[in-house]
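Commentary on secondary and tertiary structure
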Amino acid sequence: AAAAAGSFRAGAAVAVINQPRLPPLTGPFKEVGVRYSRVGSARVKTFYPAALPDSSTSAEAPYCTDGRATSDGMAGLVGFRQLGLSFLLAHLANAHSGCWLDAPPVHPERPLPLLVYSHGFGGNMDMGSYLMRQLASHGVVVAAVEHTDGTAS
């Protein structure tokens, strides 16, 4: 049993190398910014079309806002932590989001449509980041709200 468990762990470690793969943007805006804020007790991750950031002052926003704490929360949600399998989602803690933290908006004077995204029971504001990034590349501002009633974070 120990040899099988070791083989499983090794195989899983190899399977997540270079995962997740950052999908290419399909919209006309090739840079996406992310800002974090609070609305009441809820955290909000806002995605928006961004101007090309200054590489000397800009940082890429992480996929998991709180790193390993977020990926461990997701592992607990799906039962991996309880089985000692949190490592299966640990790679998400260091995954790239493809978004720029606090980048300037591409057209701050132009109004854009707003979509409010709710992750549903057991999720968190990070789980749909690649989809939200795609929507922002098409000119939509997306506010991913992390509610406090049963989130995975």
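Quick summary incoming for the structure in this document. Keep in mind that this is a model prediction, so the values were computed, not measured.

Inspection of the secondary structure assignment puts S71 in helix 2 (residues 68–77). Taking the relative accessible area as the measure of exposure, S71 reaches 0% and is therefore buried.

A contiguous nonpolar surface patch, about 250 Å² in accessible area, is contributed by L77, V78 and M127. For L77, the position within the fold is in helix 2. Given a relative accessible area of 42%, L77 falls into the partly exposed group.

Looking only at helix 2, the buried set comprises T70, S71, G73, M74, A75 and G76. Its buried side turned inward, helix 2 meets helix 3 (87–90).

L25, V32, V34, F47, A61, C99, M125, M132, A136, V140, V142 and A144 form the largest nonpolar core, which has 12 residues in total. Within the residue set of this core, elements represented by two or more residues are strand 1 (32–39), helix 4 (129–137) and strand 6 (141–146). Aside from chain neighbours lying at most four places away, what touches L25 is K30, E31, V32, R133, Q134 and S137. Formed by eight residues, the second largest nonpolar core is a distinct cluster that contains M74, A75, L89 and Y130.

The next subject is the sheet that holds strand 1. Here six strands make up an open sheet; going across it, the order is 3-4-1-2-6-5 and the pairing mixed. Bordering the open sheet on either side are strand 3 (60–62) and strand 5 (114–118), each of which pairs with just one other strand. Neighbour-to-neighbour, the strand axes of this sheet turn through a mean angle of 40 degrees, independent of strand direction. Bridge count between strand 2 (residues 42–49) and strand 6: five bridges; the pairing is antiparallel. Across the sheet, K45 pairs through a bridge with A144, a residue of strand 6.

Conventions and cut-offs
- The numbering scheme is per chain: residues are counted from 1 as the chain's sequence reads.
- Note on the predicted model: pLDDT of at least 70 is required for a residue's local features to be given, and 80 or more for side-chain atom pairs to be given and counted; whole-chain, interface and lining totals, by contrast, use all residues.
- Only heavy atoms go into the side-chain values, all of them from the structure, while hydrogens and water stay out.
- Numbering goes from the N terminus for both helices and strands, where a helix is a DSSP run of H or I of at least four residues and a strand is a run of E of at least two.
- We call a residue buried when its accessible area falls under 20% of the maximum for its residue type, exposed when it is over 50%, and partly exposed in between, using a 1.4 Å probe and counting protein chains only.
- Residues enter a patch when their relative accessible area is above 30% and they make no salt bridge; the linking distance is 9 Å between like charges and 5 Å between nonpolar side chains (Val, Leu, Ile, Met, Phe, Trp, Tyr).
- Accessible areas in this description were obtained via Shrake-Rupley with a 1.4 Å probe; residue shielding takes into account the shown protein chains only.
- We count a salt bridge whenever a side-chain nitrogen from Lys or Arg sits within 4 Å of a carboxyl oxygen from Asp or Glu.
- In what follows, residue pairs with any heavy atoms lying within 4.5 Å of each other are defined as contacts.
- Take the buried Ala, Val, Leu, Ile, Met, Phe, Trp, Tyr and Cys residues and link them wherever side-chain atoms come within 4.5 Å; each set so joined is a nonpolar core.
- Whether two strands pair depends on DSSP finding at least two bridges between them.
- To get an axis, a line is fitted to the C-alpha atoms, and for a helix only the part in contact is used. The angle between two axes follows their N-to-C directions and goes from 0 to 180 degrees.

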